[in-house]
Protein chains: 2
Amino acid sequence: MTDKMNSKHRDRMKRQKAVVDAGIEKATEERGIVIVLTGNGKGKSSSGFGMVARALGHGMKVAVVQFIKGSFSTGEEAFFRRFPGEVEYHVMGEGFTWETQDKSRDIATARKAWELVLGFLQDAGIDLILLDELNIVTKLGYLPIEEVIEALKTRPPMQHVIITGRGADKTLIDYADTVTEMRDIKHAYRAGIKAQKGVEL
Amino acid sequence: MTDKMNSKHRDRMKRQKAVVDAGIEKATEERGIVIVLTGNGKGKSSSGFGMVARALGHGMKVAVVQFIKGSFSTGEEAFFRRFPGEVEYHVMGEGFTWETQDKSRDIATARKAWELVLGFLQDAGIDLILLDELNIVTKLGYLPIEEVIEALKTRPPMQHVIITGRGADKTLIDYADTVTEMRDIKHAYRAGIKAQKGVEL
């Protein structure tokens, strides 16, 4: 590469750095945020679990509540249960709802899980809470979204909450600080490949 | 809830279960897959790290190569370095490219990181490789995408590879098994909230 090209690149990058730095300077507020990961693409739950790993790397205390459990044991559960002093790990529900086919029981299960979450949402000793697949539960009408929002509003100010699952409620999207929609561009499953350990399970 | 409602619900769920089960039956192939996480939304890298956690939960061996490193230390690095026997963790690059403003040096750094990746891509003892922010590197033209695809094609058949970063190359999207686009619906940053430890860092 010529010196001239390198110098042009340097100028462009300098301008980009100035824009980025100005943005960083404007973002000064520090507080707990609510993150929603929704959409039909792969990566919602795994993204939540990646943030759990990040938080643990900073010595933070974490609570995980999985609202829906498949019929197989999952890698994330096996892994994060290795840190009982750092992660409170709870799995509620007994298989996806179309596996149980008993709505009354599913509602009772969701309610029981939510009572547990309420305890974490009032505990300033918990820095980050992952509510995995909660969106499915509110979408099915098993928990009123208003109750969820109310509890989020009164949580400790520095506490982060991550909520995953397709079909996030509009009220939740409006309330949340950061929302990502995972769009399914293609999926190995549709090409006949089984869900693979370590990436899907 | 009345028995009739419960019974209607049960019928609907039974039909849904039949569809899901038929899909599962059709997906029979088992092999390593290539997953691409792209788009401008939050959650690409964290999703990759969540899959790393999953893989570790299954006792798999993992390699992580971060192609771009911010100027701060990250939670995911601090966390996954706790498992040296299970995760090979490498961070290449010195800050985002607009921080270094030296294209020749960035290309040399990318090339050096890629040589390391090639070693993992020929090692059947590594079950999952996370190439964090590789898309940025190919987008900037620091590594030819053809070289990347060629190495992916000749890797061990059961090895999974996850590639993150905005602006994934079309050739890579065509080659990959699973592709998710993370769409930025809203971000706390734009509301003036600093990047927060445990969720962004």
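Cut-offs and rules
- Residue indices follow the written sequence of each chain, beginning from 1 at its first position.
- Lettering for chains starts from A, numbering for ligands starts from 1, and both go in the order in which the items are written.
- With the structure being a predicted model, the display of local features is reserved for residues of pLDDT at least 70 and the display and counting of side-chain atom pairs for 80 or more, all residues being used for whole-chain, interface and lining totals.
- Only hydrogens and water are set aside when side-chain values are computed; all heavy atoms of the structure are taken into account.
- Here the axes come from fitting lines to C-alpha atoms, over the contacting stretch only for helices, and the angles between their N-to-C directions go from 0 to 180 degrees.
- Each helix corresponds to a stretch of at least 4 residues labelled H or I by DSSP, and each strand to a stretch of at least 2 residues labelled E; elements are numbered beginning at the N terminus.
- By the definition adopted for this analysis, an angle is roughly parallel if under 35 degrees, roughly antiparallel if over 145, roughly perpendicular if from 65 to 115, and oblique otherwise.
- In a left-handed crossing the near helix is turned counterclockwise from the far helix by less than a right angle, and in a right-handed crossing that turn is clockwise.
- In this analysis, two residues are considered to be in contact whenever any of their non-hydrogen atoms come within 4.5 Å of each other.
- Each residue is assigned to one class: nonpolar for Ala, Val, Leu, Ile, Met, Phe, Trp, Tyr, Cys and Pro, charged for Asp, Glu, Lys and Arg, and polar for all the others, Gly among them.
- Here the quantity called buried area is the total loss of accessible area, with a 1.4 Å probe, experienced by two parts when brought into contact, counted for both.
- Salt bridges are identified by distance alone: a Lys or Arg side-chain nitrogen within 4 Å of an Asp or Glu carboxyl oxygen.
- Think of a polar contact as two N or O atoms within 3.5 Å of one another; within protein, one of them needs to be a possible hydrogen donor and the other a possible acceptor, and neighboring residues in sequence only count if both atoms come from side chains.
- Burial classification: accessible surface area is computed with a 1.4 Å probe over protein chains only, and a residue below 20% of its type maximum counts as buried, one above 50% as exposed, and the rest as partly exposed.
- Given a helix with a known number of residues, its expected span is that number minus one, times 1.5 Å.
- When we speak of the arc, we mean the arc of directions from the helix axis to the C-beta atoms.
- For Phe, Tyr and Trp, where Trp contributes only its six-membered ring, two rings pair if their centres lie within 6.5 Å, and the inter-plane angle classes them as stacked under 30 degrees, edge-to-face over 60, or tilted in between.
- A pair of strands is labelled paired if DSSP reports no fewer than 2 bridges between them.

*Asks:* Got a minute to help me understand the packing of helix α5 (residues 103-120) of chain A against helix α7 (residues 145-153) of chain A in this structure?
*Replies:* How two helices pack is summed up by the angle between their axes together with the distance between the axes. Residues and elements named next belong to chain A. Running from N to C, α5 and α7 cross one another at 15°; their axes reach a closest spacing of 11 Å. On the basis of the axis angle, α5 is roughly parallel to α7. Considering only the axes of α5 and α7, their crossing is left-handed. Residues Arg-111, Trp-114 and Leu-118 of α5 lie in contact with α7, whose contacting residues are Glu-147, Val-148 and Ala-151. When grouped by side-chain class, the residues that make up the contact of α5 with α7 number four nonpolar, no polar and two charged.

*Asks:* Teacher, can you tell me more about the interface of chain B and chain A here?
*Replies:* Often, the extent of an interface is quoted as the loss of accessible area on bringing the components together. Chain B puts 86 residues into the contact, and the matching count from chain A is 86 residues. Summed over both partners, the interface of chain B with chain A buries about 7,400 Å², with 58% contributed by carbon and sulfur atoms. One can count eight salt bridges joining chain B with chain A. Close ionic contact of Glu-76 of chain A with Arg-54 of chain B constitutes a salt bridge, the shortest N to O distance being 2.8 Å. On inspection of chain B and its partner chain A, the count reaches 40 residue pairs in polar contact (both at pLDDT 80 or more).

*Asks:* How do you make sense of the pattern of salt bridges when you look at a structure like this?
*Replies:* A side chain of one charge can pair with a side chain of the opposite charge when the charged atoms of the two come close. Tallying each qualifying case throughout the model produces 21 salt bridges over all chains. With a closest N to O distance of 2.9 Å, Arg-183 of chain B and Glu-181 of chain A form a salt bridge. With Arg-183 of chain B in strand β6 (residues 178-186) and Glu-181 of chain A in strand β6 (residues 178-186), this pair bridges two chains. For Arg-183 of chain B, a relative accessible area of 34% puts it in the partly exposed group. Each of Glu-29, Arg-31 and Asp-177 of chain A takes part in salt bridges that share partners, so that together they form one network.

*Asks:* So what exactly am I meant to see when it comes to helix α5 (residues 103-120) of chain B here?
*Replies:* For an α-helix, 3.6 residues make a turn, and residues three or four places apart therefore share a direction. Residue and element names in this part refer to chain B. Taking 1.5 Å per residue as the helical rise, α5 with its 18 residues ought to reach 26 Å, and the 26 Å between its terminal C-alpha atoms agrees with that figure. For α5, the complete set of buried residues consists of Lys-103, Asp-106, Ala-110, Ala-113, Trp-114, Val-117 and Phe-120. For α5, the arc enclosing every buried residue in end-on projection is 110°, short of the 170-degree limit, so these residues lie on one face.

*Asks:* Looking at this structure, I do not really get the packing of aromatic side chains. What am I missing?
*Replies:* Here a ring pair, both rings aromatic, is described through the centre-centre distance and the interplanar angle of the planes. Residue and element names in this part refer to chain B. The final tally for this structure, using the stated rule, is 15 aromatic pairs over all chains. Consider the rings of Phe-79 and Phe-80, whose centres lie 5.1 Å apart with planes at 70°: the pair is edge-to-face. Ring plane angle 75° and centroid distance 5.2 Å describe the contact between Phe-79 and Phe-83, whose orientation is recorded as edge-to-face. Pair check on accessibility: Phe-79 and Phe-83 agree, each one buried.

*Asks:* Is there a simple way to explain the sheet that holds strand β3 (residues 87-91) of chain A in this structure?
*Replies:* The strands making up a sheet associate through hydrogen bonds between their backbones, and the pairing can be parallel or antiparallel. Spatial strand order, β3(A)-β2(A)-β4(A)-β5(A)-β1(A)-β6(A)-β6(B)-β1(B)-β5(B)-β4(B)-β2(B)-β3(B): twelve strands in an open sheet with mixed pairing. Strands at the two margins of the open sheet, each flanked by one partner only, are β3 of chain A together with β3 (87-91) of chain B. Across the sheet, the mean angle separating the axes of adjacent strands is 15° when strand polarity is ignored. When β6 of chain A meets β6 of chain B, the two strands line up antiparallel, connected through seven bridges. Residue pairing across strands places Lys-186 of chain A opposite Val-179 of chain B, the latter belonging to β6 of chain B. Sheet strands in contact with helix α2 (residues 44-57) of chain B are β1 (34-38), β2 (62-66), β3, β4 (128-132), β5 (160-164) and β6 of chain B, and its direction is about 165° off that of β4 of chain B.

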